[in-house]
Amino acid sequence: MIVYPAVFRKSLVNLSTSIFRMASSTARPQEQFSMAFVTAPNAEEAKKIAGGLVSGKLAACVNIIPGITSVYEWEGKIETDPEVLMMIKTRTSRIPELTEFVRKNHPYDVCEVITTSIEGGNQPYLDWLAKTVPEKM
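Throughout this document, residue positions are counted from 1 along each chain, in the order its sequence is written. In keeping with the predicted nature of the model, local features appear solely for residues at pLDDT of at least 70, side-chain atom pairs appear and are counted solely at 80 or more, and the whole-chain, interface and lining totals rest on all residues. Computation of side-chain values: all heavy atoms of the structure, hydrogens and water removed.

Undergrad: Would you mind showing me how to read the pairing of strand β2 (residues 61-74) here?
TA: Strands are treated as partners if at least two bridges between them are detected by DSSP. Per the convention used, a helix needs a DSSP run of H or I reaching at least four residues, while a strand needs a run of E reaching at least two, with both numbered from the N terminus. Inspection of the sheet shows β2 paired to strand β3 (residues 77-91) by 12 bridges, in the antiparallel sense. Looking across to β3, one finds that S70 is bridged to D81. Connecting β2 to the antiparallel partner β3 that follows it, the hairpin turn spans two residues, and E75 within it adopts a positive phi of roughly 50°.

Following this line, the structure appears as structure tokens:
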């Protein structure tokens, strides 16, 4: 067992404390709002899902973007399919419920639900989003 001098031990403790403080102070706070991206096989399916999300107050707005092509591996084969993309604006706190709603109402066995934070934007729009989608209690 190596025994270090007291001065070295104290320096080591101070260094580890400083590193911990730096890591803590640079950690980004969780953003209030997020976007979820969900693909669907066609506009009709996307409209059903979007309508349920908006009427259920899980999303303020869903953009349905047509004309995308997805290339992916499924069950050992490379697939290429036309799809539509839903860009869903919501509160970050509602992402788990939103994901569960999509999973229950989506025709795919494994549906895509990926999210990213909204770091900023037009404040009146963000205020509307906040009023439209209630905070998770």
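Undergrad: Just to check I follow, could you spell out helix α2 (residues 43-55) for this structure?
TA: Owing to its 3.6 residues per turn, the α-helix aligns residues three or four sequence positions apart on the same side. Here a helix's expected span is defined as the number of its residues, less one, multiplied by 1.5 Å. Across its 13 residues, α2 extends 18 Å between first and last C-alpha, which sits within 8% of the 18 Å expected from 1.5 Å per residue. Buried residues of α2: A46, I49, A50, G52 and L53, and no others. Down the axis of α2, the sector holding all buried residues measures 160°, keeping them to one side. Exposed side chains of α2 directed beyond 90 degrees from the buried face belong to E44, K47, K48 and S55. Along its buried surface, α2 packs onto β1 (33-40), β2, β3 and α3 (95-105). Identification of polar contacts relies on pairs of N or O atoms within 3.5 Å, with a donor-acceptor requirement for protein atoms, meaning one able to donate a hydrogen and the other able to accept it, and with residues adjacent in sequence counted only if both atoms are side-chain atoms. With a side-chain oxygen positioned 3.2 Å from the backbone nitrogen of E44, the residue opening α2 is N42. Looking at the residues trailing α2, positive phi occurs at K57, about 60°. Throughout, exposure labels follow a simple rule: accessible area from a 1.4 Å probe, protein chains only, divided by the maximum for the residue type, with under 20% read as buried, over 50% as exposed, and the rest as partly exposed. Relevant arc is that of directions from the helix axis to the C-beta atoms, nothing else. Residue contacts are counted whenever heavy atoms from the two residues lie within 4.5 Å of one another.

Undergrad: Before we go on, may I ask you to explain a nonpolar patch on the surface in this structure?
TA: Patches here are clusters of residues that have more than 30% relative accessible area and form no salt bridge, with a 9 Å joining cutoff for like charges and a 5 Å cutoff for nonpolar side chains (Val, Leu, Ile, Met, Phe, Trp, Tyr). What sets the accessible areas is the Shrake-Rupley method with a 1.4 Å probe; for residues, cover comes only from the shown protein chains. For this analysis, a salt bridge means a side-chain nitrogen from Lys or Arg found within 4 Å of a carboxyl oxygen belonging to Asp or Glu. Residues Y72, W74 and V110 make up a contiguous nonpolar surface patch of roughly 280 Å² in combined accessible area. Along the chain, the position of V110 falls in the loop between α3 and β4 (114-118).

Undergrad: Mind showing me how you'd approach the environment of V71 here?
TA: Locating V71 in the fold gives a position in strand β2. V71 sits in the exposed class, given a relative accessible area of 58%. Taking the C-alpha atoms as reference points, V71 and D81, separated by 10 residues in sequence, lie 6.7 Å from one another. Excluding residues that lie within four positions of it along the chain, V71 makes contacts with I78, E79 and T80.

Treat this as a map of the structure, not an account of what it does.
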